[in-house]
Every structure is written in C-alpha cells, then in structure tokens.
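Structural description and commentary
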Amino acid sequence: MAGQSQRPQVVIVGAGFGGLSASKALAKVGVDVALVDAYNHHCFQPLLYQVATAALSPADVAWPIRAILRAQKNVRVIMARVTGVDLEMRRVRTNEIDLPYDYLVLATGSTHSYFGHDEWAPFAPGLKHIADATEIRRRFLLAFERAEVVELEAERARLLTFVIVGGGATGVEMAGAIAEVAQRTLRHDFRRIDPRNSRIVLIEAGPRLLPSFPQALSHYAERSLRGMGVEILLNCKVTGCDAQGVSLDGGRIEAATVMWAAGVVASPAAQWIGAAHDRAGRIKVNPDLSVPGHREIFAIGDTAAVVDRDGKPVPGIAPAAKQMGIYAAKVIAARMRGEPPPPPFAYHHLGDLATIGRKSAVVKLGFLQLTGLLGWLFWSAVHIYFLIGLRNRFVVALNWLWSYLTFQRGARLIGIAPR
Ligand SMILES: Cc1cc2nc3c(=O)[nH]c(=O)nc-3n(C[C@H](O)[C@H](O)[C@H](O)COP(=O)(O)OP(=O)(O)OC[C@H]3O[C@@H](n4cnc5c(N)ncnc54)[C@H](O)[C@@H]3O)c2cc1C
C-alpha cells in the first residue's frame, strides 16, 4: 500500500479496545489505515476469567480482527509484532516489515506486573491473552485430577489449594468462579476427593477488595465471597511465589495453583519513542492525546497516562480505551480536513461492574448501586451487549443460562501431552 496510495498513512499498533475503536472511527476519513497486532484476534478481556474457569470457550470471547473489519476498505490488517519506531524516518518496525506513517496511534495496552519479581511469573500466571486463560484453566483443572490420584494427604491438600493474588475485579471474579466450580460443578465428579473441601484464598495488599468501588460494595463483595467459602486475606503482601506455593508477610501457603491478578504495567511503547512516562510505564500525553514533541503520534488506552478535566487519572478500563480511540481519530480527521481541533479529551465514566458469582455482582452507575441478583442480571446484560457478533452474544447467553440452570461448565477439556 505504501508508495501506491497518495493518501496519508495511519498506522495503529494494537487491535484491542482502543486500536479497534480508532480504526473504525477512521472509516470515513480519507486515510489508509494499517492496523498491526501480534495476534490475529481481538480479545474481550473482561470475560477471559470465564475461559480460565471453564465457563466459556476461547472462541466465545475472541474474534478474528480481519473478520471484524472485513467491510472497512481503508483498513489493512497486519499480523506482526512491533519492535520499535524510527522517529526520524517515520516508520514502525515490526518482525515482518517496516511500515511508513504520517500518523501513528499507539494502542498496545498493558500487561500484569510482578512488582520487579518477574521470576514469579511461571508460578503465578496472570490473565491477559487467550493463551493465559487456557493455561490457568489447565492448571486449575489438573490440580483436581492430580488430587484424585495422589496418596499423600499433605500433597492432596496442596493440590486443592488455589491462591489468587490481587483483590481487584479480576481477582474477585476469579475467586468467585473457582469457588463455584469447586462447590457446585465438580462436587459429584470425583470418587476419592470432595472438591468442596478445596481451599480458595484471595490475597489483597490493601485494606479492602475492589478498591475502586464504593466501600459498601467492597464489603458486599467480601461478605459474598466469604459466604462462598473463599478465605480473604487483606493488608497482606505476597513476598514470594515458587513451585510449591506463596510466601506472605509472616506466613506461607502451600498451593499448587496460584493466579496473579495484581498490578499492571504498560506496554514498552514509551521506550520505542523515548517518551516521558509514569511509574507504570504509561506515556504522558497532551490533552489531545498526542505525545509531547510529536504531534503526529498519539497514545491511547492502557498505554497512555491521561488525566481527566478534574485532575483524576483516567482508569485503565475498556470504555476509556474506546473513548480515546474515537477521540484520536477525530483529531486526525480534523487535521486532514483543515478544521479546528476538537476540544481536549474528556473521559465519561459509565460505571463500575464486577461479578462475584451466580446471582451476585456489584454495580455502580452514578448514584445507583446494585448488588445481588439485580446486579448480576445487569452485569450479564452489559457484557452480552458489548460482545462482538451475534453468534458470540447468543452462545454466551445460552452458556450462562445453561450454567445457571445446571451449574455445569462445558469448557473443561484438558489432557496430558505425550512425552
Ligand atoms: C483479565 C482482565 C479483565 C478485565 N476486565 C475488565 C472489565 O471488566 N471492564 C473493563 O472495562 N475493563 C476490564 N479490563 C481492562 C481492559 O481490558 C483494558 O483496559 C483494555 O483492554 C485496554 O484497551 P487497550 O486498547 O488499551 O489495550 P488492549 O485491549 O490490551 O489491546 C492491546 C493490543 O495491543 C497488542 N499489542 C501489544 N503489544 C504489541 C506489539 N508489540 N506488537 C503488536 N501488537 C501489540 C495486543 O496484542 C493487544 O491486542 C480487564 C483487563 C483484563 C486483563
């Protein structure tokens, strides 16, 4: 396309919530867009935990990027891993090709942070991609299988101990889902173990779960999880993770399955362009989301540090990334048309949602707070609405209805590969 078209070239790196929104918002603008992602699919991260806990299959929460943008003729999808940016030549470097740009949108998201202890990663995987979810699912289901056959009581107890580090929305959702699987789904499936005797421990370094939610909703989540048999350790820091379990401030938990849901760090995009960034590696941007000193480069979503009009940091959540993607496209469109720029980016917070389990969720929408069945129904409806594609909406809704009626989870398939 480069060299064939006289139209300005927009390279968007990342087909997550931000990059996809920016691409779609450029549909009617006279530019050619190259959308680059290291994966061929867009992943709906809010439901990844359901893949990790065998409620949904990977294809229910991810879609081929090419299929999503099939009808948008000014977008070319490139599956490649970006490795850097040549600012002088205005080219994006990937493992496949170099891509020239007139405008560059960096939408490369974030990943989990082990607070300087990356050596913990193999023992406590985090949840970001489909492969992470299927790996966690494998470990967690394998633990029950192995517990069924081991002879030593201490080893059986270790296998039936599940630790989740981080009491934000993902940690709460994981803990609730694992408790349901242990208490309900698997209860009649084994002969030598009783999955209901599993120990599920949720560890949070701060004083309460769901710190971004109002206190009353945090307490509701805590009560609900405790009611489901989840042990909750607050004000508790993990000091080590190894193959046998986790070490804590003044303690130790032997556990075969540990999941990491604490802390995030931005992609290395700031390093590619030598931009100023905050402690989490997010690029500090201008009020129009452009990068200081590079008005042709924009950073959006989880990889950008954006401050709202009231001085508060914009949260790293999907609606914020989408709004930034649409906004960056508007700035590019205005420049292309020689129009005045749009007013500075203003984030509209739509609400906070987290599910705890069957018939239990917490929702905050402005002054409205919902819990219990009502919250859960609202959470379910919102997530089905935001899924891409009719097939996925239908399949997910049907799966949830089935699980609701039967407590069953269909995506429980694992195996042992031949050596
Ligand atoms: C488990 C989990 C649960 C979540 N739950 C919620 C929720 O309930 N509600 C909510 O609003 N938000 C939730 N979030 C946060 C939300 O998913 C993110 O805020 C959102 O995805 C950010 O969008 P983004 O476009 O900035 O990045 P992403 O959506 O992460 O997209 C980044 C894209 O960049 C690509 N990429 C990265 N590096 C490269 C590279 N070098 N080369 C090529 N491509 C690259 C990635 O493959 C990815 O496709 C959750 C996140 C996680 C991980």
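First, a word on scope: everything that follows refers to the structure included in this document. Just so it is clear, the model here is predicted, and its values are computed rather than measured. (Residues numbered from 1 in each chain as written. Predicted model: local features only at pLDDT ≥ 70, side-chain atom pairs only at ≥ 80, totals over all residues. Heavy atoms only, no water.)

1. Topic: the overall build of the protein
When helices and strands are counted, the protein shows 11 helices and 25 strands. Taking 2.2 N^0.38 as the reference for a compact globule, 419 residues should give roughly 22 Å; the C-alpha atoms of the protein span a radius of gyration of 22 Å, in line with that estimate. Overall, the protein is about 70 × 55 × 45 Å in size when its C-alpha atoms are taken along their principal axes. Residue pairs at least 24 apart in sequence account for 63% of intrachain contacts in the protein once pairs closer than 6 positions are excluded. On the protein, roughly 19,600 Å² of surface is accessible, and the fraction owed to carbon and sulfur atoms is 56%. Measuring between centres, the 47 positive side-chain charges of the protein sit 6 Å from its 35 negative side-chain charges. (Helix = DSSP H or I, 4+ residues; strand = E, 2+ residues; numbered from the N terminus. Rg over C-alpha atoms; globule rule 2.2 N^0.38 Å. Contact = heavy atoms within 4.5 Å. Areas by Shrake-Rupley, 256 points an atom, 1.4 Å probe, with all protein chains shown as cover. Lys, Arg positive; Asp, Glu negative; His and termini not counted. Charge placed at Lys NZ, Arg CZ, Asp CG, Glu CD.)

2. Overview of the site of the ligand
Surrounding the ligand, one finds 27 residues, the nearest of these being Gly18, Asp37, Val82, Lys128 and Asp302. One of the side-chain N or O atoms of Asp37 is found 2.6 Å from an oxygen atom in the ligand. One of the side-chain nitrogen or oxygen atoms of Lys128 is found 2.9 Å away from an oxygen atom of the ligand. Notes on the ligand: free accessible area 990 Å², of which the protein chains cover 87%. Elements with a contribution of two residues or more to the shell around the ligand: helix H1 (17–25) and helix H9 (318–336). Taken together, the residues of the shell around the ligand sort by class into 14 nonpolar, nine polar and four charged. (Near = heavy atom within 4 Å. Polar contact = N/O pair within 3.5 Å; in protein donor to acceptor, adjacent residues only side chain to side chain. Nonpolar A, V, L, I, M, F, W, Y, C, P; charged D, E, K, R; others polar.)

3. What about the sheet that holds strand E1 (residues 9–13)?
The strand order E5-E2-E1-E9-E21-E20 describes an open sheet built from six strands, whose pairing is mixed. The open sheet is flanked by strand E5 (75–79) and strand E20 (290–291), the only strands paired with a single partner. Bridging between E1 and strand E9 (residues 103–106) involves four bridges; their strand directions are parallel. Bridging across to E9, Val13 finds its partner in Leu106. Its contacts with the sheet place H1 against E1, strand E2 (32–37) and E5, and it is angled at close to 165° to E2. Packing of H9 onto the sheet brings it into contact with E1, E9, E20 and strand E21 (294–299), and relative to E21 it is tilted by some 155°. (Pairing = 2+ DSSP bridges. Axes fitted to C-alpha atoms, helices over the stretch in contact; angles between N-to-C directions.)

4. Side note on the nonpolar core
Core analysis: the largest hydrophobic core is formed by 61 residues, its most contacted members being Phe144, Met174, Leu202 and Leu225. Every residue in contact with Met174, bar those within four places of it in the chain, is listed here: Tyr49, Ala52, Thr53, Leu127, Ile136, Ile164 and Met259. Counting residues in hydrophobic clusters, the runner-up holds 56 residues, among them Ala22, Leu26, Val314 and Met324. (Core = buried A, V, L, I, M, F, W, Y, C linked by side-chain atoms within 4.5 Å. Buried < 20%, exposed > 50% of the residue type's maximum accessible area, 1.4 Å probe, protein only.)

5. Description of the side chain of Glu222
You can see Glu222 is positioned in helix H7 (residues 215–227). Excluding anything up to four places from it in sequence, Glu222 contacts Leu209, Ile232 and Leu234.

6. Quick look at empty space enclosed by the protein
Within the structure shown, the criterion is met by one cavity of 30 Å³ or more. In this structure, the largest cavity spans a volume of roughly 310 Å³. As for the largest cavity, its lining consists of 22 residues, and the residues nearest its centre are Gln50, Glu180, Arg358, Trp376 and Arg409. Broken down by secondary-structure element, the contributors of at least two residues to the lining of the largest cavity are helix H2 (48–52), helix H6 (169–185), strand E23 (352–357), helix H10 (372–386) and helix H11 (390–406). Ranked by residues supplied to the lining of the largest cavity, first place goes to H6 with five residues. Taken together, the residues of the lining of the largest cavity sort by class into nine nonpolar, nine polar and four charged. (1 Å grid on protein atoms, 1.4 Å probe; cavity = no way out; pocket = protein on both sides within 12 Å on 5 of 7 lines; lining within 4 Å. Points joined across faces, edges and corners; volume = space filled by probe spheres on them.)

7. A closer look at the packing of H1 against H9
Where H1 meets H9, the closest approach of the two axes is 7 Å, and the angle between their N-to-C directions is 35°. For the pair H1 and H9, the sense of crossing is right-handed. For the pair formed by H1 and H9, the contact residues are Phe17, Gly18, Ser21, Ala22 and Ala25 on the first element and Ala318, Ala321, Lys322, Gly325, Ile326 and Ala329 on the second. For the contact of H1 with H9, the per-class residue count stands at seven nonpolar, three polar and one charged. (Left-handed = near helix turned anticlockwise from the far one by under 90°.)

8. Focus on the side chain of Ser267
Mapped onto the elements, Ser267 comes out in the loop between strand E18 (264–266) and helix H8 (269–273). For Ser267, the side chain forms a polar contact with the side chain of Thr108, separated by 2.5 Å. Polar contacts involving the side chain of Ser267 include one to the side chain of Thr303, which spans 2.8 Å. Discounting residues that sit within four places of it in the chain, Ser267 has contacts with Thr108, Gly109, Ser110, Gly281 and Thr303.

9. Notes on the packing of aromatic side chains
Under the criterion given, the structure shown has 12 aromatic pairs. Here Phe144 and Phe190 contribute two aromatic rings whose centre-to-centre distance is 6.2 Å and whose plane-to-plane angle is 35°, an arrangement assigned as tilted. Of this pair, Phe144 sits in helix H4 (residues 130–149) while Phe190 sits in the loop between H6 and strand E12 (199–203); the two residues are 46 residues apart in sequence, bridging distant segments of the chain. Of the two residues, Phe144 and Phe190, both sit in the buried class. Consider the rings of Trp379 and Trp400, whose centres lie 5.3 Å apart with planes at 35°: the pair is tilted. Residue Trp379 is found in helix H10, and its partner Trp400 is found in helix H11; the two are separated by 21 residues along the sequence. According to the relative accessible area criterion, Trp400 is buried, its value standing at 11%. (Phe/Tyr/Trp six-rings, centres within 6.5 Å; stacked < 30°, edge-to-face > 60°.)

Nothing here speaks to function; it is geometry throughout.
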